[in-house]
Amino acid sequence: MDSTAWRSAMGKFATGITVITTKDAEGNPQGMTVNAFTSLSLDPPMLLVCLDNKSATLKHILDSKTFCVNILSAEQENVSRSFARRGDVDKFEGIPYHIGVTDIPVLDGCLAHVVCGLRKAVEGGDHQILLGDGLQLSIQQSETGPLIFYGGKYGYLTDSLPQGASAS
Ligand SMILES: Cc1cc2nc3c(=O)[nH]c(=O)nc-3n(C[C@H](O)[C@H](O)[C@H](O)COP(=O)(O)O)c2cc1C
């Protein structure tokens, strides 16, 4: 399977964007941008995220056993870009956050956030599938829409309809 073709095909699936936050062994805030996120179960409330084995954030989550899913709004493209950076950079610089229920960072201004306890990490090729139990959440009351990722580009929802469709 050609990896470029694989990426292109997967990129045809439009997603929202999250930032997964946690803490390191010293209690410092850590995190990364992730669109491989899905709701998994209602009872019990569970979700999953898929993190690259090479990701530094993955190691911190496996140690701390907790993470937060921050669902980004259309106004947070800068947040997505900051947390997609690798290496020795302060991804939180200029980005407001507070400390949540398991002593991990929760980003301000998101559409919603869910703090999770790590139930299980399952191997999935070059990624780990992290299953999280929802512990605490918040939902933003504003009308701001989601930040979208499609075809390797950022996008936003508009009021436009597909050709031939009519509003009912
Ligand atoms: C829109 C977008 C979505 C991403 N989704 C994922 C993802 O689902 N899983 C993943 O492992 N990396 C994903 N990444 C890449 C990570 O954010 C990136 O590799 C990051 O630098 C990892 O940081 P870390 O090594 O400090 O943990 C995504 C990047 C972008 C821009």
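Residues numbered from 1 in each chain as written. Predicted model: local features only at pLDDT ≥ 70, side-chain atom pairs only at ≥ 80, totals over all residues. Heavy atoms only, no water.

From N to C terminus, the protein includes three helices and twelve strands. For the protein, the C-alpha radius of gyration of 16 Å lies close to 15 Å, the compact-globule estimate for 168 residues. Projected onto its principal axes, the C-alpha positions of the protein cover 55 × 45 × 35 Å. Within the protein, counting contacts between residues at least 6 apart in sequence, those at least 24 apart form 62% of the total. When the accessible surface of the protein is summed, it comes to about 10200 Å², and 54% of that surface belongs to carbon and sulfur atoms. Charged side chains of the protein number 13 positive and 18 negative; the gap between the two group centres comes to 7 Å. (Helix = DSSP H or I, 4+ residues; strand = E, 2+ residues; numbered from the N terminus. Rg over C-alpha atoms; globule rule 2.2 N^0.38 Å. Contact = heavy atoms within 4.5 Å. Areas by Shrake-Rupley, 256 points an atom, 1.4 Å probe, with all protein chains shown as cover. Lys, Arg positive; Asp, Glu negative; His and termini not counted. Charge placed at Lys NZ, Arg CZ, Asp CG, Glu CD.)

Close approach of charged atoms allows side chains of opposite charge to pair. Here the structure, examined in full by the defined rule, presents two salt bridges. Close ionic contact of E77 with R81 constitutes a salt bridge, the shortest N to O distance being 2.9 Å. Linking E77 with R81, this pair stays in helix α3 (residues 77-83), spanning four residues, or about one helical turn. Across the pair D133 and R119 runs a salt bridge, and its minimum N-O distance is 3.0 Å. Here D133 is found in strand β10 (residues 127-139), whereas its partner R119 is found in strand β9 (residues 112-124), with 14 residues between them in sequence. (Salt bridge = Lys/Arg side-chain N within 4 Å of Asp/Glu carboxyl O.)

Near the ligand you find 20 residues, and of these T33, D52, T57, A84 and K91 are the closest. Within the side chain of S55, a nitrogen or oxygen atom sits 3.1 Å from an oxygen atom of the ligand. Within the side chain of T57, one N or O atom sits 2.6 Å away from an oxygen atom of the ligand. In the complex, 84% of the free accessible area of the ligand, which totals 640 Å², lies under the protein chains. (Near = heavy atom within 4 Å. Polar contact = N/O pair within 3.5 Å; in protein donor to acceptor, adjacent residues only side chain to side chain.)

Under the UniProt annotation, the feature "domain: Flavin reductase like" (unreviewed entry) is placed at residues 10-156. As a span, residues 10-156 carries 12% helix and 49% strand, and end to end its C-alpha atoms are 19 Å apart. (UniProt positions renumbered as here; feature names shortened; annotations may be inferred.)

A few words on the layout of surface pockets. The computed volume of the largest pocket comes to approximately 1700 Å³. With six residues, the top contributor of residues to the lining of the largest pocket is strand β3 (residues 29-34). For the lining of the largest pocket, the class distribution of residues is 20 nonpolar, 16 polar and nine charged. Looking at the second largest pocket, its volume works out to about 230 Å³. Looking at the second largest pocket, it is lined by 14 residues, and the ones nearest its centre are S39, P45, M46, L47 and V114. Breaking the lining of the second largest pocket down by element, the ones donating at least two residues are β4 (37-41), β5 (46-52) and β10. Here the lining of the second largest pocket is composed, by residue class, of ten nonpolar, four polar and no charged. (1 Å grid on protein atoms, 1.4 Å probe; cavity = no way out; pocket = protein on both sides within 12 Å on 5 of 7 lines; lining within 4 Å. Points joined across faces, edges and corners; volume = space filled by probe spheres on them. Nonpolar A, V, L, I, M, F, W, Y, C, P; charged D, E, K, R; others polar.)

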